[in-house]
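Coordinates in review
This is what each chain is made of:
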Amino acid sequence: MAVAAVTGDHRRGKSALFLVACGWAGAAPHWLDPLRSLAPAVTLALLLGGYGLRTVLRSRDQPCAPGADPDREDDSLDLPAVDVVVAARDEEAVVTRLVERLTALRYPKERLSLWVVDDGSQDRTGLLLDDLKQQHPQLQVIHRKRGAGGGKSGALNTVLQQLKGDWMLVLDADAQLQNDVLERLLPFALRGRWAAVQLRKAVTNAQESWLTRVQAMEMALDALLQQGRLRGAGVMELRGNGQLLQRSRLQACGGFNEDTVTDDLDLSFRLLTDGAPVGLLWDPPVQEEAVESLPALWKQRQRWAEGGLQRFFDYWPKLTSGSLSAGQKLDLACFFLLQYVLPLLSFADLVTSLILRTMPVYWPLSIVAFSVSGLAYWRGCRRLSEGPELPRPGLLNLLLGIAYLGHWFVVIPWVTLKMTLFPKRLVWAKTSHRGEAPA
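Residues numbered from 1 in each chain as written. Predicted model: local features only at pLDDT ≥ 70, side-chain atom pairs only at ≥ 80, totals over all residues. Heavy atoms only, no water.

Concerning the overall build of the protein
- A count of helical and extended segments in the protein gives 15 helices and seven strands.
- Here the protein has a C-alpha radius of gyration of 22 Å; the compact-globule value for 439 residues is 22 Å, and the two agree.
- Each principal axis of the C-alpha atoms in the protein carries an extent, and together these give about 75 × 50 × 50 Å.
- Taking all 439 residues of the protein together, 55% fall into the buried category.
- Expressed as a percentage of contacts within the protein between residues at least 6 apart in sequence, the contacts between residues at least 24 apart total 85%.
- Here the protein has roughly 19200 Å² of accessible surface; of this, 58% comes from carbon and sulfur atoms.
- For the protein, the distance from the average site of its 49 positive side-chain charges to the average site of its 46 negative ones is 5 Å. (Helix = DSSP H or I, 4+ residues; strand = E, 2+ residues; numbered from the N terminus. Rg over C-alpha atoms; globule rule 2.2 N^0.38 Å. Buried < 20%, exposed > 50% of the residue type's maximum accessible area, 1.4 Å probe, protein only. Contact = heavy atoms within 4.5 Å. Areas by Shrake-Rupley, 256 points an atom, 1.4 Å probe, with all protein chains shown as cover. Lys, Arg positive; Asp, Glu negative; His and termini not counted. Charge placed at Lys NZ, Arg CZ, Asp CG, Glu CD.)

Printed below as a string of structure tokens:
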């Protein structure tokens, strides 16, 4: 099997070009007369506001793959062989609970294999796994050396070479699942003819603080927007924890990319350009811990931003080729403008306004973006859902959630600057897990 490799060629040059282009676009309107200076912002506000509003309002039920009928009952459906895979590093706080949850999954035992890769843990993770293997013979444990390379992708590629199942469910070490998740997830994938399916992510510790609460809201917002993008013939993206992958399609596009800090986002684009449809299952969700401190959030979001931006740089030629439909290209363009361009435009706009002592000009676009996000919060948190209860979308929570999204207006400019100035570093910057059950 050929392993995917994206080298990030000319990464610093591409980042610099992107940074300069957005900086110029954010500053240039300040030299126009007051009326004309608002034209770029109003134009983008109408375009992206319309796209965002349609996306939010489209999301209702599970989206269908072309020509498929996921609601069709089929009692004769044969359940395929599945490998559940976890890459774990220094996870002694949660690994015992993880194995207990995995061994409790309801699925034909002869068609289910459980794998945990101890990726050079320096705590008691490896010892605990060896003990757990004695208690649960169906558990397969692989030990990798600390410096084996490739980070989480390298660990997943190591086990991928040994898998025999038709499907592979990838989980994080803190994942918590309902016992019937496989019995519902695999039929959904087969009936929908998906090449991959992402479970909705839900937060187990949403009640711990305002920070974990807004992250729970953010995950509901994200899942709702993903469904809306699919219903609009757009693009669905994987989120790592809780992603079900058809092994043959995964291997066809080269496995997991060991040259990226976000294997899930990278794989999403490779499946997309390979014509492999990705779906999302709202219920049951995969449950995980939200980070509980601002430094941990800052570290996590820098990694997400770097990997998210890097994939656009790496796959831009394929994304603009004829392999994607017009709807997918429009969806990606609008998403790119909102997620990556808007924060840089706004930052350059603010800095220029302070230097020239003029009014900011991109405020109409920011207002529209935050307003659509508030609507997505409201709709996402009001939906019926299994798993942990979603935060109520009252006025205070909505305002807090909207303000929380402002962190991207700092993260994106900072990460783009870092990518411009410093060489690429591949480090598995894993999130620490506490492992305590929610109250």
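Now that the structure is up, let's keep going.
As for the packing of helix α3 (residues 39-58) against helix α8 (residues 210-231)
- Look at α3 against α8: their axes get within 7 Å of each other, and the N-to-C directions meet at 100 degrees. Viewed along their axes, α3 and α8 adopt a mutual orientation that is roughly perpendicular. Where α3 approaches α8, its residues Y51, T55, V56 and R58 are matched on the opposing element by L224, L225, G228, R229 and R231.
- For the contact of α3 with α8, the per-class residue count stands at four nonpolar, two polar and three charged. (Axes fitted to C-alpha atoms, helices over the stretch in contact; angles between N-to-C directions. Parallel < 35°, antiparallel > 145°, perpendicular 65-115°, else oblique. Nonpolar A, V, L, I, M, F, W, Y, C, P; charged D, E, K, R; others polar.)

As for the packing of aromatic side chains
- Within the structure shown, the criterion is met by twelve aromatic pairs.
- Ring centres 6.4 Å apart and planes at 25 degrees place the aromatic pair F188 and W194 in the stacked group. In this pair, the class of F188 matches that of W194, namely buried.
- The rings of F18, F269, F312, F313, Y315, W316, F335, F336 and Y340 are connected pair by pair, giving a single aromatic cluster.
- It is R200 that lies over the ring of W282; its NZ or CZ is 4.6 Å from the centre.
- The aromatic ring of W378 is capped on one face by R382, whose charged end is 4.3 Å from the ring centroid. (Phe/Tyr/Trp six-rings, centres within 6.5 Å; stacked < 30°, edge-to-face > 60°. Lys NZ or Arg CZ within 6 Å of the ring centre and 35° of its normal.)

Topic: the state of the cysteines
- According to the stated counting rule, one finds zero disulfides in the structure shown.
- C334 provides the cysteine sulfur closest to C22, a residue in no disulfide bond, and the two sulfurs are 15 Å apart.
- For C334, a relative accessible area of 2% corresponds to the buried category. (Disulfide = S-S within 2.5 Å.)

With respect to the confidence of the model for the protein
- The predicted model of the protein averages 89 in pLDDT, with 91% of residues at 70 or higher.
- Throughout residues 63-67 the model reports pLDDT below 50, and contacts reaching past four residues in sequence, or to other chains, amount to eleven contacts. (pLDDT = per-residue confidence, 0-100.)

As for the pattern of salt bridges
- Tallied over the full model, the rule gives 19 salt bridges.
- With a shortest N-O distance of 4.0 Å, E289 and R97 are connected by a salt bridge. Linking E289 in the loop between β7 (278-288) and α11 (294-319) with R97 in helix α4 (residues 95-103), this pair joins segments that are 192 residues apart in sequence. Here E289 and R97 have matching classes, each one buried.
- Of the charged contacts in the structure, one is a salt bridge between K152 and D172, with a shortest N-O distance of 2.9 Å. Separated by 20 residues along the polypeptide, K152 in helix α6 (residues 151-160) and D172 in the loop between β4 (167-171) and α7 (181-192) bring together distant segments of the chain.
- Assessed through its relative accessible area of 14%, K152 is described here as buried.
- In the salt-bridge network here, residues are joined through shared partners; they are D222, R229, E237, R239, R311 and D331. (Salt bridge = Lys/Arg side-chain N within 4 Å of Asp/Glu carboxyl O.)

Observations concerning the sheet that holds β7
- The mixed open sheet is built from seven strands, whose spatial order is β3-β2-β1-β4-β6-β5-β7. Strands with a single pairing partner mark the edges of an open sheet, and in this sheet they are β3 (139-144) and β7. Ignoring which end each strand starts from, the neighbouring axes of this sheet average 20 degrees apart.
- The pairing of strand β5 (residues 196-203) with β7 spans seven bridges and is classified as parallel. Along β7, the bridge assignment pairs K201 with V286. (Pairing = 2+ DSSP bridges.)

Some remarks on the environment of A206
- Positionally, A206 belongs in the loop between β5 and α8.
- The spacing of A206 and A216 is ten residues in sequence and 5.9 Å in space, taken between C-alpha atoms.
- Excluding anything up to four places from it in sequence, A206 contacts T212, R213 and A216.

Focus: a nonpolar patch on the surface
- A surface patch of nonpolar side chains, amounting to about 560 Å² of accessible area, comprises W298, V410, W414, L417, L421 and F422.
- In terms of residue count, helix α15 (residues 408-421) provides more of the nonpolar patch than any other element does, four residues in total. (Patch = residues over 30% accessible without salt bridge, like charges linked within 9 Å, V, L, I, M, F, W, Y side chains within 5 Å.)

Overview of the side chain of Q302
- Within the secondary structure layout, Q302 lies in helix α11.
- Engagement of the side chain of Q302 in a polar contact is seen with the side chain of K418, the distance being 3.1 Å. (Polar contact = N/O pair within 3.5 Å; in protein donor to acceptor, adjacent residues only side chain to side chain.)

Some thoughts on unusual backbone geometry
- With an omega dihedral of 0 degrees, the bond running from D283 to P284 counts as a cis peptide bond.
- Examined against the element boundaries, P284 turns out to sit in strand β7.
- Backbone geometry at D90 places phi at a positive 55 degrees, although glycine is not the residue there.
- Relative to the elements of secondary structure, D90 occurs in the loop between β1 (82-88) and α4.
- Classification of D90 by relative accessible area gives partly exposed; the value is 26%.
- Positive phi, close to 60 degrees, is recorded for R193, a residue that is not glycine.
- With respect to the helices and strands, R193 occurs in the loop between α7 and β5.
- By relative accessible area, which is 56% here, R193 ends up exposed.

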